[in-house]
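Coordinates in review
Each chain, written out:
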Amino acid sequence: MEIAAEPFIHLADVTKSYGKGAKTHLSISNATFDVMPGELVSLVGPSGCGKSTLLKILAGLHPHDGGTVTMGSAKTPFDPARDVGMVFQQPLLLKWRTIIDNVLLPAEILGLPEKASRERARDLLALVGLAGAEDKRPYELSGGMQQRAAIARSLIHDPKLVLMDEPFGALDALTREKMNLELLRIWKQSGKTILFVTHGISEAVFLGSRVVVFTAGPARMADNFTIELPYPRTLDIKTHEAFGAYTRRIYKLLGME
């Protein structure tokens, strides 16, 4: 995939605090990194270190207190309400709606044309391996299948950026590895820019074209490096020495070695 020269997201010395006075809690401290168009960037660090807060800032859900956040460009202006798709740890599907109607929800909220959106929803369900499940209810699908539907929902309005907040954290180990493979396939086929938050070091290295490492809260960027492993990636790449070297690098940064 060809990566453009101009950053799609630029963060410089971004900080975020909650509370006031003596009760102020610093959640993010001086986060600085760029995301290029078409990248899949893994954000890895301990639970509670501020990674999810950073995603909420990028989604326009929280303001930042200091530093600079630039998204898009003069040629490609960015509107978080329209240009962001989000996938959470839980699928958050509405149990009274069919799978295709769950996928269509963002399109309905944005007032997109119904016929074209329904056709796109069917195409996306096929992309994530759920062709034939359009009229099922969430309870009829496994956890992994529900999360596939959530990924399709995040793409229905053709966003420029997909933010994924530990989307596979609630899945069993085998399903999680299958979903990692599926995500790489979907990413390559859709060409989307993806930020993937995880506290799984192996998962971060396996998925990312680049990894940004945060230390324990407040989130402080400890490293930002490219993963020089070829795509398409298969699970046997985890046995390679280069893969082990990347994971050891992160363990060391997090004081786990």
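Residues numbered from 1 in each chain as written. Predicted model: local features only at pLDDT ≥ 70, side-chain atom pairs only at ≥ 80, totals over all residues. Heavy atoms only, no water.

**Describing the environment of Asp172**
Turning to its location among the elements, Asp172 is positioned in the loop between strand 6 (161-165) and helix 7 (173-190). A relative accessible area of 46% means that Asp172 is categorised as partly exposed. Polar side-chain contacts of Asp172 include one of 2.7 Å to the side chain of Thr175. (Helix = DSSP H or I, 4+ residues; strand = E, 2+ residues; numbered from the N terminus. Buried < 20%, exposed > 50% of the residue type's maximum accessible area, 1.4 Å probe, protein only. Polar contact = N/O pair within 3.5 Å; in protein donor to acceptor, adjacent residues only side chain to side chain.)

**A word on the side chain of Ser29**
One can find Ser29 in strand 2 (residues 25-35). A polar side-chain atom of Ser29 sits 3.1 Å from a polar atom in the side chain of Asn30.

**A word on the packing of aromatic side chains**
Per the counting criterion, the structure on display carries five aromatic pairs. Judged by centre distance (5.8 Å) and plane angle (50 degrees), the ring pair of Phe168 and Phe196 falls under tilted. A residue pair is termed long-range when its members are at least 10 positions apart, and Phe168 in the loop between strand 6 and helix 7 and Phe196 in strand 7 (residues 193-198) qualify at 28 residues. Assessed through its relative accessible area of 0%, Phe196 is described here as buried. On the basis of an interplanar angle of 5 degrees and a centroid distance of 6.0 Å, the ring pair of Phe225 and Tyr246 is categorised as stacked. (Phe/Tyr/Trp six-rings, centres within 6.5 Å; stacked < 30°, edge-to-face > 60°.)

**A short note on the pattern of salt bridges**
Taken as a whole, this structure holds 13 salt bridges when the rule is applied. A salt bridge links Arg97 to Glu108; the nearest nitrogen and oxygen atoms lie 2.7 Å apart. Residue Arg97 is found in the loop between strand 5 (84-87) and helix 3 (99-103), and its partner Glu108 is found in helix 4 (residues 105-110); the two are separated by eleven residues along the sequence. You can call Arg97 buried: its relative accessible area is 16%. The salt bridge involving Glu182 is made with Arg148; its shortest N-O contact spans 3.1 Å. In this pair, Glu182 is assigned in helix 7 and Arg148 in helix 6 (residues 143-155), connecting sequence segments 34 residues apart. Of the two residues examined, Glu182 and Arg148, each falls in the buried class. One salt-bridge network, in which partners are shared between bridges, spans Arg120, Asp158 and Lys192. (Salt bridge = Lys/Arg side-chain N within 4 Å of Asp/Glu carboxyl O.)

**Here's the deal with the packing of helix 6 against helix 7**
At their nearest, the axes of helix 6 and helix 7 sit 11 Å apart, and the two run at 25 degrees to each other. Considering their axes alone, helix 6 and helix 7 lie roughly parallel with respect to each other. Considering only the axes of helix 6 and helix 7, their crossing is right-handed. Within the contact between the two elements, helix 6 uses Gly144, Gln147, Arg148, Ile151 and Leu155 and helix 7 uses Thr175, Met179, Glu182 and Ile186. Here the residues of the contact of helix 6 with helix 7 sort into four nonpolar, three polar and two charged. (Axes fitted to C-alpha atoms, helices over the stretch in contact; angles between N-to-C directions. Parallel < 35°, antiparallel > 145°, perpendicular 65-115°, else oblique. Left-handed = near helix turned anticlockwise from the far one by under 90°. Contact = heavy atoms within 4.5 Å. Nonpolar A, V, L, I, M, F, W, Y, C, P; charged D, E, K, R; others polar.)

**Considering unusual backbone geometry**
Look at the link from Tyr231 to Pro232: it is a cis peptide, with omega at 0 degrees. Tracing the sequence through the fold places Pro232 in the loop between strand 9 (221-226) and helix 9 (241-253). Even without a glycine there, the phi angle at Glu166 is positive, about 45 degrees. Following the sequence through the fold, Glu166 ends up in the loop between strand 6 and helix 7.

**Re helix 1 (residues 51-58)**
A large share of helix 1 lies buried, amounting to six of its eight residues. Buried within helix 1 we find Lys51, Thr53, Leu54, Leu55, Ile57 and Leu58. Where helix 1 ends, the next residue or the one after it, Gly60, has phi of about 80 degrees, a positive value.

What is shown is where atoms sit, not what they do.
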